[in-house]
Amino acid sequence: MPDLRVDLSGIHMRNPTMLASGVLGSSAPMLMRVFDEGAGAVVSKSVGLKPRAGYPNPTIVETDCGFVNAMGLPNPGAEKFAEEVRMAKRAGVELIASVFGFTTEEYVRTSAVMEEAGADAVELNLSCPHVVGTGTEIGSQPDLVTEVVRQVKDATSVPIFAKIGASYPRVRELGSAIEKGGADGITAINTVKAAVIDINTRKPILANVFGGLSGPAIRPLATRCVYELYDGVSIPIIGVGGIVEWKDAVEFILAGATAVQIGTGIAKRGLSIFREITEGIERYLIENGFESIEDLRGLAHGG
Ligand code: RRO
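Position numbers for residues count from 1 along each chain, tracking the sequence in the order it is written. Under the rules for a predicted model, residues below a pLDDT of 70 receive no local features and side-chain atom pairs below 80 are neither given nor counted, while totals for whole chains, interfaces and linings still include all residues. Calculation of side-chain values draws on the structure's entire complement of heavy atoms; hydrogens and water are dropped beforehand.

### Focus on the sheet that holds strand S9 (residues 160–164)
1) Next: Ordered in space as S3-S4-S7-S8-S9-S10-S15-S16, the 8 strands form a closed barrel in which the pairing is parallel. Shown here is a sheet whose adjacent strand axes are inclined to one another by a mean of 25 degrees, direction ignored.
2) Next: Pairing geometry for strand S3 (residues 17–19) and strand S16 (residues 259–262), over 3 bridges, is parallel. Paired with Leu-19 across the strands is Ile-262, a residue of S16.
3) Next: What makes two residues a contact is simply this: any of their non-hydrogen atoms within 4.5 Å. Note on geometry: axes are lines fitted to C-alpha atoms, helical ones only across the stretch in contact, with angles between N-to-C directions running from 0 to 180 degrees. Helix and strand assignments follow DSSP, with helices taken as H or I runs no shorter than four residues and strands as E runs no shorter than two, numbered in order from the N terminus. Here helix H10 (residues 273–287) sits on the sheet in contact with S3 and S16, set at roughly 160 degrees to S3. Pairing between two strands requires that DSSP report at least two bridges joining them.

Structure below.
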């Protein structure tokens with residue numbers, strides 16, 4: 001049997017699938033359920049230092065090519081969410097806490113609370129495409145990205161991943177900025193800034209007007225980012241964006257991903273998607289004579 005285990009900068013995963021941040025990640029029971037269903041690790045919904053209500057409804061709209069969401073970072077604040085992290089950790093869940101901030105200090109303090117609560121790693125959200133003052137507004141400034149990563153690294157001892165979007169044109173430059181800050185990995189990509197108009201009301205559907213597009217429409221864009229990063233950085237890359245089938249996951253691994261995250265795909269396939277994708281990867285490895293996932297990683301590169 002091929003080896004499906006993945007060592008993601010010290011995070012020991014039984015398989016390369018992870019729950020993407022923002023989907024089913026707001027409570028310990030949901031995180032536990034997803035882990036029970038076979039995910040190798042789970043990433044919680046982004047939390048900040050203070051509670052936030054998020055945007056008014058409608059916050060999500062389905063289109064024929066994916067979902068567009070503008071939740072607006074609803075979260076109970078780090079101290080309160082720490083209770084969920086503790087509960088999930090007591091149940092043995094491999095848990096990465098997603099963290100956002102409006103300042104470097106907020107990223108640092110929130111990450112420290114997550115580490116203290118027992119999170120195995122922190123994923124810095126440097127890429128929410130539609131909240132003013134955080135996300136892409138920070139993630140499109142490479143020097144600031146280095147600074148945020150460096151300061152979080154200095155203040156914590158768990159692995160730190162940085163999640164980027166596709167809007168910054170020089171993805172390798174951004175990857176280098178993250179690596180320079182000392183990050184343990186890069187997650188690529190977040191949703192892509194989008195809008196949907198109701199032709200009857202002749203107005204935008206989302207209360208926030210703009211939201212983030214997820215689903216198969218962004219998969220080739222995400223694969224391109226992973227491919228570019230793999231050529232430019234030496235830290236692990238986590239691929240995310242539109243994975244629905246096991247073949248999609250294999251594509252990301254061939255582009256250079258060490259692990260893959262799944263979010264929107266759950267809406268199409270249910271929670272069995274984690275097992276189905278893991279089994280599909282396993283079959284592919286057997287049928288093609290590979291002994292481990294590692295043997296597959298990055299094979300789309302070079303001659
Ligand atoms: O909460 C959101 O609206 C949200 C976030 Br933080 C993010 O990173 N990406 C996204 O599509 N939505």
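### Some words on the site of the ligand
1) Next: Lining the immediate environment of the ligand, one finds 13 residues, of which Lys-45, Asn-69, Gly-72, His-130 and Thr-191 sit closest.
2) Next: Residues adjacent in sequence count toward polar contacts only when both atoms are side-chain atoms; beyond that, a polar contact is any pair of N or O atoms within 3.5 Å, and within protein one must be able to donate a hydrogen and the other to accept it. Taking Asn-69, its side chain carries an N or O atom lying 2.8 Å from an oxygen atom of the ligand.
3) Next: Note that an oxygen atom of the ligand is positioned 2.9 Å from one of the backbone N or O atoms of Leu-73.
4) Next: Computed with the Shrake-Rupley method and a 1.4 Å probe, the accessible areas treat only the protein chains shown as cover for residues. Against a free-state accessible area of 310 Å², the protein chains account for coverage of 93% of the ligand.
5) Next: Classifying every residue of the shell around the ligand gives 6 nonpolar, 6 polar and 1 charged. We call a residue near a molecule or strand as soon as one heavy atom of that residue lies within 4 Å of the molecule or strand. Three classes are used, and their members are as follows: Ala, Val, Leu, Ile, Met, Phe, Trp, Tyr, Cys and Pro are nonpolar, Asp, Glu, Lys and Arg are charged, and the others, Gly among them, are polar.

### Section: unusual backbone geometry
1) Next: A cis amide bond links Asn-57 to the next residue, Pro-58, at an omega of -5 degrees.
2) Next: Relative to the helices and strands, Pro-58 resides in the loop between strand S4 (41–43) and strand S5 (60–63).
3) Next: Here Ala-188 and Ile-189 are connected by a cis peptide whose omega angle stands at 15 degrees.
4) Next: Mapping Ile-189 onto the fold places it in the loop between strand S10 (185–188) and strand S11 (192–195).
5) Next: Residues other than glycine seldom take positive phi values, yet Leu-24 does so here, at roughly 55 degrees.
6) Next: Its location among the elements puts Leu-24 in the loop between S3 and helix H1 (28–36).
7) Next: Relative accessibility decides the category of a residue: with a 1.4 Å probe and only protein chains considered, values under 20% of the type maximum give buried, values over 50% give exposed, and everything between is partly exposed. On the basis of relative accessible area, Leu-24 is assigned to the partly exposed category, the value being 33%.

### Some points on the packing of helix H2 (residues 78–90) against helix H3 (residues 104–117)
1) Next: Look at H2 against H3: their axes get within 9 Å of each other, and the N-to-C directions meet at 30 degrees. Overall, the two elements H2 and H3 adopt an arrangement that is roughly parallel. By crossing handedness, the relation of H2 to H3 is classed as right-handed. On H3, the residues touching Ala-78, Glu-79, Phe-81, Ala-82, Val-85 and Arg-86 of H2 are Thr-110, Val-113, Met-114 and Ala-117.
2) Next: Each residue belonging to the contact of H2 with H3 can be placed in one class, and the counts come to 7 nonpolar, 1 polar and 2 charged. If an angle is under 35 degrees, it is roughly parallel; if it is over 145, roughly antiparallel; if it lies from 65 to 115, roughly perpendicular; otherwise it is oblique. Handedness of each helix crossing follows the sense of rotation of the near helix against the far helix: counterclockwise by less than a right angle gives left-handed, clockwise gives right-handed.

### Section: the side chain of Glu-106
1) Next: Here Glu-106 lies in helix H3.
2) Next: Only four residue types enter the charge count: Lys and Arg as positive, Asp and Glu as negative, with His and the chain ends excluded. Think of a salt bridge as a Lys or Arg side-chain nitrogen and an Asp or Glu carboxyl oxygen that are within 4 Å of each other. Comment: no salt bridge for buried Glu-106; closest opposite-charge side chain is Lys-50, at 4.2 Å.
3) Next: Once you skip the residues sitting within four places of it in the chain, Glu-106 turns out to touch Leu-49, Lys-50, Phe-100 and Gly-101.

### Re the pairing of strand S7 (residues 95–99)
Along a regular strand, successive side chains alternate from one face of the sheet to the other.
1) Next: Counting buried positions along S7 gives 5 out of 5 residues, so the element sits mostly inside the fold.
2) Next: Across the two faces of S7 the burial is the same, with Leu-95, Ala-97 and Val-99 and Ile-96 and Ser-98 all buried.
3) Next: Bridging between S4 and S7 involves 2 bridges; their strand directions are parallel. Note on S7: the bridge partner recorded for Val-42 is Leu-95.
4) Next: Here 4 bridges tie S7 to strand S8 (residues 121–125), and the two strands are oriented parallel to one another. Bridge pairing links Ile-96 to Ala-121 in S8.
5) Next: For crossovers, right-handed means that the path from the first strand over the helix to the second runs clockwise, given strands pointing away from the viewer. A crossover connection joins S7 to the parallel S8 through H3; in handedness this β-α-β unit is right-handed.

### Focus on the packing of helix H6 (residues 171–180) against helix H7 (residues 219–232)
Packed helices, taken two at a time, are described by the angle between their axes plus the distance between the axes.
1) Next: For the pair H6 and H7, interaxial distance at closest approach is 9 Å and the crossing angle is 55 degrees. Judged by the angle between their axes, H6 and H7 are oblique. Handedness of the crossing formed by H6 with H7: right-handed. The segment H6 lies against H7, with Val-171, Arg-172, Gly-175, Ser-176 and Glu-179 engaging Arg-224, Cys-225, Glu-228, Leu-229, Asp-231 and Gly-232.
2) Next: Of the residues that constitute the contact of H6 with H7, the class distribution is 3 nonpolar, 3 polar and 5 charged.

### Examining the sheet that holds strand S6 (residues 66–69)
1) Next: Pairing is antiparallel across the open sheet formed by 4 strands, whose spatial order is S5-S6-S14-S11. The open sheet terminates on both sides in strands that have one partner only, identified here as S5 and S11. Within this sheet the neighbouring strands show an average axis-to-axis angle of 40 degrees, counted without direction.
2) Next: Bridge count between S6 and strand S14 (residues 210–214): 3 bridges; the pairing is antiparallel.

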